[in-house]
Amino acid sequence: MVSEKTGRLATLALERSPWRSARWLIIAPHADDETLGAGALIHQAAEAGRLAGIVILTDGAGSHDHSDAASRARLIRTRRLEAGRAVRRLAGPAAAAPVFLDWPDAQPASAGSMMFEATARRLAALCRERRVDAIAVTGPDDPHCDHQAAAQLARRAAGMARRSVVVFDYIVWGAPPSGSKLRIATRPLKAGLRAYALSAHQSQLTPMFGEGFRLQKARGLRYASDTLYRRDAYG
């Protein structure tokens, strides 16, 4: 929606947009992206009884090196527990557990491959089962291969869902997309809530698994609200 006065893309508040009553499915490439990019959406949708679920695409094992298979399995198990804890902090103690798709971290399936298509069918079935109206996912321009794959996957699943499902992008590390047709913004989170949810991801914030990825916590807590971008024609 472009303002007639300024010619600039306007931002609609979610509660005053056509998607205020939508049932939202949030797809996060990695456990912690749900909090960084869509934490406010998760909270607002849950408060309204409109949260259809959270999906985590990857197993998370690529954030650290592993001495053996047991170490790798321990990290995967830990990241699952952390994601569940973060979601409960954002959405409340009764929130449904995230759905884990267990793609190998940083090795996304190619569009059209057997794994990609099977996962898209699984997500499409989830959209039907949970009556999803809108998907929020990382944008295709976000600078990580898993984020880009998640964007492709969401659009493929929406097209297979056999119901009307719109796809919005959220930003984790990239810049806002220049080609979006519409953007909507959530209400701001209560002070400290995103940081509290993010603190669930101790494997990414501390050296508990040794040398490896360290989450840039301050950068991920820049905004109290989430902005969602729609790239296709709006309706």
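In the block above lies the structure referred to throughout.
This text gives an overview of the structure that appears in the document. Note that the coordinates shown come from a computational prediction; the quantities given were computed from them, not determined experimentally. (Residues numbered from 1 in each chain as written. Predicted model: local features only at pLDDT ≥ 70, side-chain atom pairs only at ≥ 80, totals over all residues. Heavy atoms only, no water.)

A closer look at the side chain of His201
Okay, so step 1: For His201, the position within the fold is in the loop between α5 (193-198) and α6 (202-205).
Okay, so step 2: What His201 contacts, discounting residues up to four positions off in sequence, is Ala31, Asp32, Glu34, Thr35, Glu82, Ala83 and Ala86. (Helix = DSSP H or I, 4+ residues; strand = E, 2+ residues; numbered from the N terminus. Contact = heavy atoms within 4.5 Å.)

Some remarks on the packing of helix α3 (residues 114-129) against helix α4 (residues 145-160)
Okay, so step 1: Packing of α3 against α4 leaves a shortest axis separation of 8 Å and a crossing angle of 55°. One way to sum up the angle between α3 and α4 is to call them oblique. Of the two possible hands of crossing, α3 and α4 adopt the one that is right-handed. Residues Phe116, Glu117, Thr119, Ala120, Arg121, Leu123, Ala124 and Arg128 of α3 form the contact with α4, whose participating residues are Ala149, Gln152, Leu153, Arg156, Ala157 and Met160.
Okay, so step 2: Classifying every residue of the contact of α3 with α4 gives 8 nonpolar, 2 polar and 4 charged. (Axes fitted to C-alpha atoms, helices over the stretch in contact; angles between N-to-C directions. Parallel < 35°, antiparallel > 145°, perpendicular 65-115°, else oblique. Left-handed = near helix turned anticlockwise from the far one by under 90°. Nonpolar A, V, L, I, M, F, W, Y, C, P; charged D, E, K, R; others polar.)

Looking at helix α1 (residues 33-47)
Okay, so step 1: Its 15 residues give α1 an end-to-end C-alpha distance of 20 Å, which sits within 8% of 21 Å, the value for a rise of 1.5 Å per residue.
Okay, so step 2: Taken across its 15 residues, α1 has 13 buried, putting it largely inside the fold.
Okay, so step 3: Note on α1: the residue one or two positions beyond its end, Gly49, has a positive phi of about 70°. (Expected span 1.5 Å × (residues − 1). Buried < 20%, exposed > 50% of the residue type's maximum accessible area, 1.4 Å probe, protein only.)

Let's talk about the pattern of salt bridges
If the charged atoms of two oppositely charged side chains come close together, the side chains can form a pair.
Okay, so step 1: Inspection of every chain in the model, using the stated rule, returns 11 salt bridges.
Okay, so step 2: Among the ionic pairs, Glu47 bridges to Arg187, the shortest N-O distance being 3.1 Å. Residue Glu47 is found in helix α1, and its partner Arg187 is found in the loop between β7 (182-185) and α5; the two are separated by 140 residues along the sequence.
Okay, so step 3: Owing to a relative accessible area of 36%, Arg187 belongs among the partly exposed residues under this scheme.
Okay, so step 4: The shortest N-O distance in the salt bridge between Asp169 and Arg231 comes to 2.4 Å. One end of the pair, Asp169, is in strand β6 (residues 166-170); the other, Arg231, is in the segment after β8 (227-230), and 62 residues separate them in sequence.
Okay, so step 5: For Arg231, a relative accessible area of 23% translates into the label partly exposed.
Okay, so step 6: Linked through salt bridges whose partners overlap, the residues forming this network are Asp141, Arg155, Asp169 and Arg231. (Salt bridge = Lys/Arg side-chain N within 4 Å of Asp/Glu carboxyl O.)

Some remarks on the packing of α1 against helix α2 (residues 69-91)
Geometrically, a packed helix pair is captured by the angle between its two axes and the distance between the axes.
Okay, so step 1: At a minimum axis distance of 8 Å, the contact between α1 and α2 shows a crossing angle of 45°. Here α1 is positioned oblique relative to α2, judged by the angle of their axes. The hand of the α1/α2 crossing is right-handed. Counted together, Glu34, Thr35, Gly39, Ile42, His43 and Ala46 of α1 and Ala86, Val87, Leu90 and Ala91 of α2 form the full contact between these two elements.
Okay, so step 2: Looking at side-chain class alone, the contact of α1 with α2 contains 6 nonpolar, 3 polar and 1 charged residues.

With respect to α2
Okay, so step 1: With 23 residues, α2 should reach 33 Å at 1.5 Å per residue; the first-to-last C-alpha distance of 33 Å fits that figure.
Okay, so step 2: Taken as a whole, α2 has its buried residues at Ser71, Leu75, Ile76, Thr78, Arg79, Glu82, Ala83, Gly84, Ala86, Val87 and Leu90.
Okay, so step 3: Lining the buried residues of α2 we find α1, β3 (51-58), β4 (99-103), α5 and α6.
Okay, so step 4: The distance from a side-chain oxygen at the start of α2 to the backbone nitrogen of Ala70 is 3.3 Å, and the residue carrying that oxygen is Asp68.
Okay, so step 5: Downstream of α2 by a residue or two, Gly92 has a phi angle that is positive, lying close to 105°. (Polar contact = N/O pair within 3.5 Å; in protein donor to acceptor, adjacent residues only side chain to side chain.)

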